[in-house]
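Chain and residue survey
One letter stands for each residue in the lines below.
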Amino acid sequence: MSGKPQFDEVAVIAAAIEVFWRSGYAAAAVSDLTEATGLSRSSLYRRFHDKDGLFQEALEAYTQRVLRRMNSAKADTARGRLKALLRAFLPDRSRPAGCLIGRSCAEISALSKEGQAATLAAAARQREILAGLLREGVAAGELAEETDIDAMAWYYLGVLQAVLNFPQAGADPSMLDRMIDAAMSVWPGTPLSDS
């Protein structure tokens with residue numbers, strides 16, 4: 001026996017992401033995870049140690065996917081890239097509504113110490129991408145030197161989470177797109193109607 005897992009780890013982690021994304025950590029039973037991944041309990045525990053170990057790997061894979069998507073936003077200006085980034089997360093039918101990172105932050109008290117650290121690190125990595133765009137805006141003269149980068153990065157992280165989570169509260173893509181326009185008006189010197 002080779003000692004290597006006899007299953008497709010990428011597919012297993014993708015299936016686990018879906019369970020945690022739809023149900024949250026606390027409500028995701030091990031039986032839900034074994035059913036979704038096709039792993040037996042013993043295989044799950046042998047490879048991931050426990051539900052928390054699987055959660056942490058699923059969260060990391062999900063975070064990498066989200067960060068790639070955030071970094072892929074293209075435009076000629078920092079402001080334009082930020083707006084493109086937010087619009088890239090407008091809802092579509094290819095993924096569940098909501099955000100695994102946001103959901104995990106909301107139920108952080110149910111997570112292990114390691115799960116909490118992984119969740120906070122994932123949110124910090126999202127926020128750092130936003131802060132980087134804002135710093136680019138300062139460097140390019142799009143934003144004033146005294147711009148409060150930290151506050152604006154938190155603000156736009158909140159907007160991103162709203163875009164991801166408000167469809168569950170009834171916001172349709174058109175409303176969310178208008179919300180993005182309103183959020184971009186916070187960028188100093190930008191009129192509300194600016195595209």
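Higher on the page you've got the structure.
Structural notes, computed from the coordinates. (Residues numbered from 1 in each chain as written. Predicted model: local features only at pLDDT ≥ 70, side-chain atom pairs only at ≥ 80, totals over all residues. Heavy atoms only, no water.)

Some thoughts on the overall build of the protein
What the protein contains, in helices and strands, is nine helices and zero strands. Along its sequence from the N terminus, the protein presents helices and strands in the succession α-α-α-α-α-α-α-α-α. With the principal axes as the frame, the protein shows a C-alpha extent of 60 × 35 × 30 Å. The 195 residues of the protein split such that 44% are buried. In the protein, the proportion of contacts linking residues at least 24 apart, taken out of those at least 6 apart, comes to 67%. Within the structure as shown, the protein displays about 10100 Å² of accessible surface, and the carbon and sulfur contribution to it stands at 54%. Between the centroid of the 22 positive side chains of the protein and the centroid of its 24 negative side chains there is a distance of 5 Å. (Helix = DSSP H or I, 4+ residues; strand = E, 2+ residues; numbered from the N terminus. Buried < 20%, exposed > 50% of the residue type's maximum accessible area, 1.4 Å probe, protein only. Contact = heavy atoms within 4.5 Å. Areas by Shrake-Rupley, 256 points an atom, 1.4 Å probe, with all protein chains shown as cover. Lys, Arg positive; Asp, Glu negative; His and termini not counted. Charge placed at Lys NZ, Arg CZ, Asp CG, Glu CD.)

What about the environment of Leu-59?
Within the secondary structure, Leu-59 sits in helix α4 (residues 51–71). Among the residues examined, Leu-59 registers a relative accessible area of 1% and is labelled buried. Sequence-wise, Leu-59 and Arg-47 are twelve residues apart; in three dimensions their C-alpha atoms are separated by 16 Å. Excluding residues within four positions of it along the chain, Leu-59 makes contact with Leu-100, Ile-101, Ser-104, Ala-118 and Thr-119.

Quick word on the packing of helix α3 (residues 41–48) against α4
Axis angle and axis distance: for two packed helices, these are the angle between their axes and the distance between the axes, and together they describe the pair. The geometry of α3 relative to α4 is characterised by a closest axis approach of 8 Å and an angle of 65° between their N-to-C directions. With respect to the hand of their crossing, α3 and α4 are arranged in left-handed fashion. For the pair α3 and α4, the contacting residues are Leu-44, Tyr-45, Arg-47 and Phe-48 in the first and Lys-51, Gly-53, Leu-54 and Glu-57 in the second. Its residues assigned to classes, the contact of α3 with α4 shows four nonpolar, one polar and three charged. (Axes fitted to C-alpha atoms, helices over the stretch in contact; angles between N-to-C directions. Left-handed = near helix turned anticlockwise from the far one by under 90°. Nonpolar A, V, L, I, M, F, W, Y, C, P; charged D, E, K, R; others polar.)

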